[in-house]
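Breakdown of the fold
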Amino acid sequence: MDDALRKERQRIRSLYKYEEEACQQGFQYIAGIDEVGRGPLAGPVVVAAVILPRKTFIAGVDDSKKLSPGKRLRLAAQIKQAAVSWAIAAINPPYLDEINILNATREAMYTAVAELRPRPDFLLIDALKLPDIDIKQQSLIKGDSLSFSIACASILAKVERDAGMEALELIYPGYGFSKHKGYATREHMQALMAKGPCSIHRRSFEPVKSLLSGGVYGRQPGLFDQDDA
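Treat the numbers as computed from the prediction; the structure is a model and nothing was measured.

The rules behind the values
Residues numbered from 1 in each chain as written. Predicted model: local features only at pLDDT ≥ 70, side-chain atom pairs only at ≥ 80, totals over all residues. Heavy atoms only, no water. Helix = DSSP H or I, 4+ residues; strand = E, 2+ residues; numbered from the N terminus. Buried < 20%, exposed > 50% of the residue type's maximum accessible area, 1.4 Å probe, protein only. Lys, Arg positive; Asp, Glu negative; His and termini not counted. Salt bridge = Lys/Arg side-chain N within 4 Å of Asp/Glu carboxyl O. Polar contact = N/O pair within 3.5 Å; in protein donor to acceptor, adjacent residues only side chain to side chain. Contact = heavy atoms within 4.5 Å. Core = buried A, V, L, I, M, F, W, Y, C linked by side-chain atoms within 4.5 Å. 1 Å grid on protein atoms, 1.4 Å probe; cavity = no way out; pocket = protein on both sides within 12 Å on 5 of 7 lines; lining within 4 Å. Points joined across faces, edges and corners; volume = space filled by probe spheres on them. Nonpolar A, V, L, I, M, F, W, Y, C, P; charged D, E, K, R; others polar.

**Things to note about the side chain of E19**
Topologically, E19 is positioned in helix 2 (residues 17-24). With no salt bridge to any partner, buried E19 finds its closest opposite charge in R54, at an N-O distance of 9.7 Å. One polar contact links the side chain of E19 to the main-chain amide nitrogen of F148, over a distance of 3.4 Å. In this structure the side chain of E19 is engaged in a polar contact, spanning 2.8 Å, whose partner is the backbone nitrogen of S149. For E19, the residues in contact, after removing those within four places along its chain, are I30, L124, S147, F148 and S149.

Below you can see the structure in the form of structure tokens.
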């Protein structure tokens, strides 16, 4: 085994800390869960959940934000092939706006977990907790950098959302969705000001909300500062 591969195996092994702790407590089907698309002005929030065999080794797995699009695509295929089970769920505007981004993220997480077969008996979740589920869970801040399962979920969710936004560019041309994926880049803001919001823009997010009402826009709503109602 060459030195680079040895180091990569050690790095991946370090990402199994929380999975191994759950295994030692007797849990068998451990699902990693992560979301992508919390902050964009347009498009869905997408959640992935994945159960992997114990000590699965897939070289290169990391927080999806640290990976190139091509590498994410290759890794997503390997993750799906290796997984015991995986599922993806999305919540789109305008429903996302009706229930707020926090509840939309949680609802997508509930849906993804419900689609896993076999049913997981332990959840590792990036940042959030799911209060209305009878499965043992652990929330990890920056979990996509700490847990192999969450990192794999982040890759699946990112690949799925990016592909969806590229498809939406064909339906809503001129906004640049295939490039910026709905985030508030300069290009997106210029198109939004020139063309106005389309049906996949988040009407509860600034500046979309103020553009629709004709007012002055303010602070962007966040995932952790909204009511659960």
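**Observations concerning the nonpolar core**
In terms of nonpolar packing, the biggest core is built from 29 residues, with I33, L96, M109, L123 and I125 touching the most fellow members. Elements represented by at least two residues in this core include exactly strand 1 (30-36), strand 2 (45-51), strand 3 (85-91), helix 4 (95-99), helix 5 (101-115), strand 4 (122-126) and helix 8 (186-195). Core analysis: the second largest hydrophobic core is formed by 24 residues, V46, V61, A151 and A157 among them.

**Observations concerning the layout of surface pockets**
In this structure, the largest pocket encloses a volume near 320 Å³. Lining the largest pocket are 16 residues, with E35, R38, K65, D126 and D144 sitting closest to its centre. Sort the elements by how many residues they give to the lining of the largest pocket and strand 1 lands first, with 3 residues. Here the lining of the largest pocket is built from residues that sort into 3 nonpolar, 4 polar and 9 charged. By volume, the second largest pocket is sized at about 150 Å³. If you go around the second largest pocket, you meet 14 residues; those closest to its centre are Q28, I30, L52, P53 and R54. Ranked by residue count, the leading element in the lining of the second largest pocket is helix 2, at 3 residues. Taken together, the residues that form the lining of the second largest pocket break down as 8 nonpolar, 2 polar and 4 charged.

**What to know about the pattern of salt bridges**
Going through the model one piece at a time under the given rule, you end up with 14 salt bridges. For D162, the salt bridge is made with R72, and the minimal N-O distance between the two is 3.4 Å. Here D162 is found in helix 6 (residues 148-171), whereas its partner R72 is found in helix 3 (residues 69-82), with 90 residues between them in sequence. Judged by its relative accessible area of 10%, D162 falls in the buried class. Between R119 and D134 there is a salt bridge, with the nearest N and O atoms lying 2.5 Å from each other. In this pair, R119 is assigned in the loop between helix 5 and strand 4 and D134 in the loop between strand 4 and strand 5 (136-140), connecting sequence segments 15 residues apart. A relative accessible area of 47% places R119 in the partly exposed class.

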